[in-house]
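# Overview (structure and organization)
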Amino acid sequence: MNLCKILPRRIHACSLSRNLSVLVTYEQDDCTVDRYNDEFANSNLVQASDLIRILQLCARNGDVLEAKACHGKIIRLEMHEDVISLSNVLINSYSKCGFVELARKVFDGMRERSLVSWNTMIGLYTRNKVESEALNMFLEMRNVGVEFSEFTISSVLSACGANCDALECKQLHCLSLKACLDTHVYVGTALLDLYAKCGMIKDAVHVFEFMQEKTSVTWSSMVAGYVQNRSYEEALLLYRRGQRMSLEQNQFTLSSVICACSNLAALIEGKQMHGVIHKSGYASNVFVTSSVVDMYAKCGSLRESYIIFSEVGENKNIELWNTIISGFAKHARPKEVMILFEKMQQDGMRPNEVTFSSLLSVCAHTGLVEEGRRFFRFMTRKYGVSPNVVHYSCMVDVLGRAGLLSEAYELIKSIPFDPTASIWGSLLASCRVYKNLELAEVAAEKLFELEPENAGNHVLLSNIYAANNHWEDIVKSRKFLRDSEVKKVRGKSWIEIKDKVHIFSVGESGHSRIREICLKLDSLVIELRKFGYKPRVEHELHDVEERKKEELLMQHSEKLALAFGIMCLPEGSSVRIMKNLRICVDCHEFMKAASMATRRFIIVRDVNRFHHFSDGLCSCGEFW
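Computed from a predicted structure; not experimentally measured.

## Points about the pairing of strand β2 (residues 500–505)
Of the strand pairs in this sheet, strand β1 (residues 492–497) and β2 are connected by 6 bridges, and their pairing is antiparallel. Residue pairing for β2: Ile495 is matched across the bridge by His502. The loop that links β1 with its antiparallel partner β2 comprises 2 residues; one of these, Lys498, has a positive phi angle of about 50°.

Next comes the structure, spelled out in structure tokens:
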């Protein structure tokens, strides 16, 4: 303990009690230091149990001054008879107060260390995001021959999650198997969580299914794991399975399930989960509320999203503000985004990197170039936020969509780090719109290096060649796609009808009612021609006859989804369609005409944004 003398000697070191009644008073009352200064004038009255109890209260209340005072008393009284337990509790107190270095000094000064000592330090480093030190301490523990426990392994597994190291994950799994700890609930939960973070969802499921005991945290981790790996339907199925087993609800499970509903755009199930949240008493939880606000926005119900946001009152945090701003940004509502941005600052919230991502995004999708430039400048000069990958990608998008391709390229060259695929992808997409073949080839070459297995980049370049009538280059590009192992992402759209999600692919033939759908689509096309719709065959870039191009355009997944929605939904009700790719020009024109002919409100969420079609117009203002 002599290595731990961190306090100067003073007359009255701490406000400690000498009996249980005083301890209870300390726990319940907001005591001052002077109140108990004389309690331990006689060192014979001090007991280790009293000190331990006070240190535990310090840990719970985050009172580092009292913890230091106790530390000083321990040093002066040289309480070596119980040094291990006292030191362990002292380490924990400093840990809970956020003083990592002080905890380490206590640990290093211990003459003897128990398993609890090592576990406390490893857990301390893990909680404070110093994962490398946690792993180093575990190795040191193994080197000195200390046997580990389930708590050790679970803490080390959590530390590995920061780096998502698959090899370390496998090694620790083997270690837990050898020690017969793999079925322990703490180890199993930490293990499946780590596998999920490493993208090894099958291994996570294997661990989950073989666990003999599962807590609500285990279920929550597995549901969250599915969501992290974009297995949204599996997440909902697992949640339903847990409900049948009377699974205890917690904020993490509910937020993960709501997130799954958001990404599936499953509005009906999202509303059901909203009801569950109210019944469970989590409606006032800002963390859960943010997920609900995001869900309604991503399902196209922006009005409901804003109502829930407004009901929170004065307890809004920065995450909630960012969620609602992001929601309006995705729906291309720049006026509302700017108003919310001002209100957020009036509410005392300082914008962060997420806020500016949404601001720049809405500027890009609505052609607000000057506003985008202003936000990009102000984020650093006025708010001290350094631009990251997302901000540069959005700013390239702002310039590129407005046709300022040379300026966008100069911005990319000025980036202080290596431009990522998303940044070059923004430039390539803009080159397609403005048929700039020279810059398109530059961007595509970079993308081929960064994403060699992404066929979408080859397809996009091929389309730019077609738009510029470079048919020989198209042949080479498509031959490469055929001969290589890269796979093109197939266009898919889905629509929710009566609690069931119906998925359509390009040229769909597997749906049980596909014949009816095609007949309905044919009749719809005839009707839409009366409203001025004409297939935009110039955007169908296959080198085939015009009639064949029209047939190919009619096979697009969002058209099939719309026809099915009109067949099944009540007359006059809104149609909500989700798509995994960007909506094409022809489908955009088709939806505009359909909204006018059917007198329906049509909402399409593509990979980039929302399109609200009504009376022959789209909310994007033809800028997407």
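The rest of the description comes next.
## Digging into the UniProt feature "repeat: PPR" (unreviewed entry) in the protein chain
As annotated in UniProt, the feature "repeat: PPR" (unreviewed entry) corresponds to residues 114–148, 215–249, 317–351 and 352–387 in the numbering used here. Along residues 114–148 the backbone is 74% helical and 0% strand, and the end-to-end C-alpha distance reaches 11 Å. Structurally, residues 215–249 comprises 74% helix and 0% strand, and the distance from its first C-alpha atom to its last is 11 Å.

## Structural notes on the pattern of salt bridges
Two side chains carrying opposite charge are able to pair once their charged atoms lie near each other. Using the criterion set out here, one finds 19 salt bridges in the structure. Between Asp203 and Lys170 there is a salt bridge; the shortest N-O distance is 3.1 Å. Residue Asp203 is located in helix α11 (residues 201–210), and its partner Lys170 is located in helix α9 (residues 166–178); the two are separated by 33 residues in the primary sequence. Overall, the relative accessible area of 26% leaves Asp203 in the partly exposed class. For the salt bridge of Asp294 with Lys298, the shortest nitrogen-to-oxygen distance reads 3.3 Å. Taken together, the residues Asp294 and Lys298, both in helix α16 (residues 286–298) and 4 residues apart, mark about one turn of the helix. According to the relative accessible area criterion, Lys298 is buried, its value standing at 18%. When salt bridges that share partners are traced, they join Arg104, Asp108 and Glu133 into one network.

## A look at unusual backbone geometry
Its identity is not glycine, yet Arg230 carries a phi of approximately 60°, on the positive side. Even without being glycine, Asp615 reaches a positive phi, approximately 55°. Note that Asp615 resides in the loop between β5 (610–614) and β6 (617–618).

## Some remarks on α16
Helix length check: α16, at 13 residues, gives a terminal C-alpha distance of 18 Å against a target of 18 Å (1.5 Å per residue), a fit within 8%. Across the 13 residues of α16, 12 count as buried, placing the element largely inside the fold. For α16, the full list of buried residues reads Val286, Val288, Thr289, Ser290, Ser291, Val292, Val293, Asp294, Met295, Tyr296, Ala297 and Lys298. Close packing links the buried residues of α16 with α14 (251–264), α15 (267–280), α17 (302–311), α18 (318–330), β4 (602–605) and β5. Between the side-chain oxygen of the N-cap and the backbone nitrogen of Phe287 there are 2.9 Å, and the N-cap of α16 in question is Asn285. Positioned one or two residues after α16, Gly300 has a phi angle of 90°, which is positive.

## Considering the packing of aromatic side chains
Tallied over the entire structure, the rule returns 17 aromatic pairs. Between Tyr409 and Trp424, the aromatic rings sit 6.4 Å apart at their centres with planes inclined by 50°, giving tilted as the arrangement. Residue Tyr409 is located in helix α23 (residues 405–414), and its partner Trp424 is located in helix α24 (residues 421–434); the two are separated by 15 residues in the primary sequence. Since its relative accessible area comes to 21%, Tyr409 is described here as partly exposed. Among the aromatic residues, those joined into a cluster by ring pairs are Tyr306, Phe309, Trp321 and Phe328. Across from the ring centre of Phe590, 5.4 Å away, lies the NZ or CZ of Lys559, which sits over that ring.

How each quantity is defined
- Residues numbered from 1 in each chain as written.
- Predicted model: local features only at pLDDT ≥ 70, side-chain atom pairs only at ≥ 80, totals over all residues.
- Heavy atoms only, no water.
- Pairing = 2+ DSSP bridges.
- Helix = DSSP H or I, 4+ residues; strand = E, 2+ residues; numbered from the N terminus.
- UniProt positions renumbered as here; feature names shortened; annotations may be inferred.
- Salt bridge = Lys/Arg side-chain N within 4 Å of Asp/Glu carboxyl O.
- Buried < 20%, exposed > 50% of the residue type's maximum accessible area, 1.4 Å probe, protein only.
- Expected span 1.5 Å × (residues − 1).
- Contact = heavy atoms within 4.5 Å.
- Polar contact = N/O pair within 3.5 Å; in protein donor to acceptor, adjacent residues only side chain to side chain.
- Phe/Tyr/Trp six-rings, centres within 6.5 Å; stacked < 30°, edge-to-face > 60°.
- Lys NZ or Arg CZ within 6 Å of the ring centre and 35° of its normal.

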